[in-house]
Amino acid sequence: GGVPPATDLVLGATAGCLACFLTNPLEVVKTRLQLQGELQAPGTYPRPYRGVLRAAVAVCRADGLRGLQKGLAAGLLYQGLMNGVRFYCYSHAEDAGWTGYPGGTVAAGAVAGAVGAIVGSPAYLVKTHLQAQTLSAMAVGHQHNHESISSAFKTIYQQHGVVGLWRGVTGAVPRVAVGSAVQLATFASAKDWVSERQWFRKGSWAAVLAGGMVSGVAVAVAMTPFDVISTRLYNQPVDADGTGKLYRGFLDCILQISSREGLLGLYKGIGAVYFRLGPHTVLSLFFWDKLRNM
């Protein structure tokens, strides 16, 4: 508390963008791993991407070193919009005293995350399309073949209107709501816990980082299935009227992945999810916490 919500909007957006710049390569790898073998039984498809490190090398071979920063502009736009709105809403909840009630931190985090996901959804849609694009020999998932972030927005709008820019939002809302609730709740609790046991001095950078690391583990476990679903819904090809050709919606996506790829299909790329979410959680919350203190 102690920081006006409007200030938290700017600080949250700044923190999210700083973290995004450093972790975007892992977001590219995560997207490729989650689209690999889409709706195919395990062991029946080629795997150009195997594990986080080998997948990163594969991306570099296909797209060069710059390939690891594919979709960066869209990612920065998404993080700025989503985190700015998310921390703004959470700050309002703190000021109103809602986080002081039992479960208040979780509820406030979930609602704040859901609102942020809705606002940032078009940017996440374009980010996913751009990060999936690569050479045909290494391609996984549908290839939208956008030339740039601006042409992607323009093409989607011309073909499907404003509604088309929010395609896949049904997967984004539960994804960010769950992730935000777990992240903000576990971060606050872990930070206080390590300080109470005098492992680290209260308010020190070490306590903040420790809280972020614990939060990153929890977020990765809770969020990966929603992350896979969100990636699939955003990247799937659509008909002229904007109807998805692979999935009819959130629940249909869960059922199809579970039946065709097995339950583990919902945890595809969990290693990349953590290696991306872990540092991103640490960095974004660390930057946010320190910017607030300043």
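If you check an unreviewed UniProt entry, the chain appears there as Solute carrier family 25 member 34 from Tychaedon coryphoeus. Its UniProt record gives the chain the following Sequence similarities (unreviewed entry) comment, quoted word for word: "Belongs to the mitochondrial carrier (TC 2.A.29) family." If you open the UniProt record of the chain and go to Subcellular location (unreviewed entry), you find "Mitochondrion inner membrane".

Regarding its fold elements, the chain presents nine helices and zero strands. Tracing the chain from N to C terminus, the helices and strands come up as α-α-α-α-α-α-α-α-α. Reported as C-alpha extents along the three principal axes, the dimensions of the chain are approximately 55 × 40 × 35 Å. Burial status across the chain gives 53% buried among its 294 residues. Sequence separation of 24 or more characterises 78% of the internal contacts of the chain that already satisfy a separation of 6 or more. Counting only carbon and sulfur atoms, one obtains 66% of the accessible surface of the chain, whose full area is about 13,000 Å². The distance from the centre of the 25 positive side-chain charges to the centre of the 15 negative ones in the chain is 7 Å.

Between two packed helices, what matters for the description is the angle formed by their axes and the separation of those axes. Where helix α1 (residues 5-35) contacts helix α2 (residues 52-63), the two axes come as close as 10 Å, and the packing angle between them is 95°. Viewed along their axes, α1 and α2 adopt a mutual orientation that is roughly perpendicular. The segment α1 lies against α2, with L26, V28, V29, R32 and L33 engaging V52, A55, A56, V59 and D63. Tallied by class, residues from the contact of α1 with α2 come to eight nonpolar, no polar and two charged.

Turning our eyes to something else, we now look at the nonpolar core. Counting residues in each nonpolar core, the largest one holds 16 residues, and the members touching the most others are V29, L33 and Y49. Taken together, the elements giving at least two residues each to this core come down to α1 and α2. Top element by residues in this core is α2. It accounts for six residues. Ignoring sequence-local partners within four residues, the contact set of L33 consists of Y49, G51, A55, K268, G269 and A272. Counting 15 residues, the second largest nonpolar core, distinct from the first, contains A74, Y78, L130 and A172.

A few words now on a nonpolar patch on the surface. Taken together, the side chains of L77, L81, V111, V115 and V119 make up a nonpolar region of the molecular surface, amounting to roughly 350 Å² of accessible area. Among the elements of the structure, α3 (72-95) and α4 (104-132) are those that each provide at least two residues to the nonpolar patch. Relative to the elements of secondary structure, L81 occurs in helix α3.

Reading the values: rules and limits
Residues numbered from 1 in each chain as written. Predicted model: local features only at pLDDT ≥ 70, side-chain atom pairs only at ≥ 80, totals over all residues. Heavy atoms only, no water. UniProt positions renumbered as here; feature names shortened; annotations may be inferred. Helix = DSSP H or I, 4+ residues; strand = E, 2+ residues; numbered from the N terminus. Buried < 20%, exposed > 50% of the residue type's maximum accessible area, 1.4 Å probe, protein only. Contact = heavy atoms within 4.5 Å. Areas by Shrake-Rupley, 256 points an atom, 1.4 Å probe, with all protein chains shown as cover. Lys, Arg positive; Asp, Glu negative; His and termini not counted. Charge placed at Lys NZ, Arg CZ, Asp CG, Glu CD. Axes fitted to C-alpha atoms, helices over the stretch in contact; angles between N-to-C directions. Parallel < 35°, antiparallel > 145°, perpendicular 65-115°, else oblique. Nonpolar A, V, L, I, M, F, W, Y, C, P; charged D, E, K, R; others polar. Core = buried A, V, L, I, M, F, W, Y, C linked by side-chain atoms within 4.5 Å. Patch = residues over 30% accessible without salt bridge, like charges linked within 9 Å, V, L, I, M, F, W, Y side chains within 5 Å. Salt bridge = Lys/Arg side-chain N within 4 Å of Asp/Glu carboxyl O.

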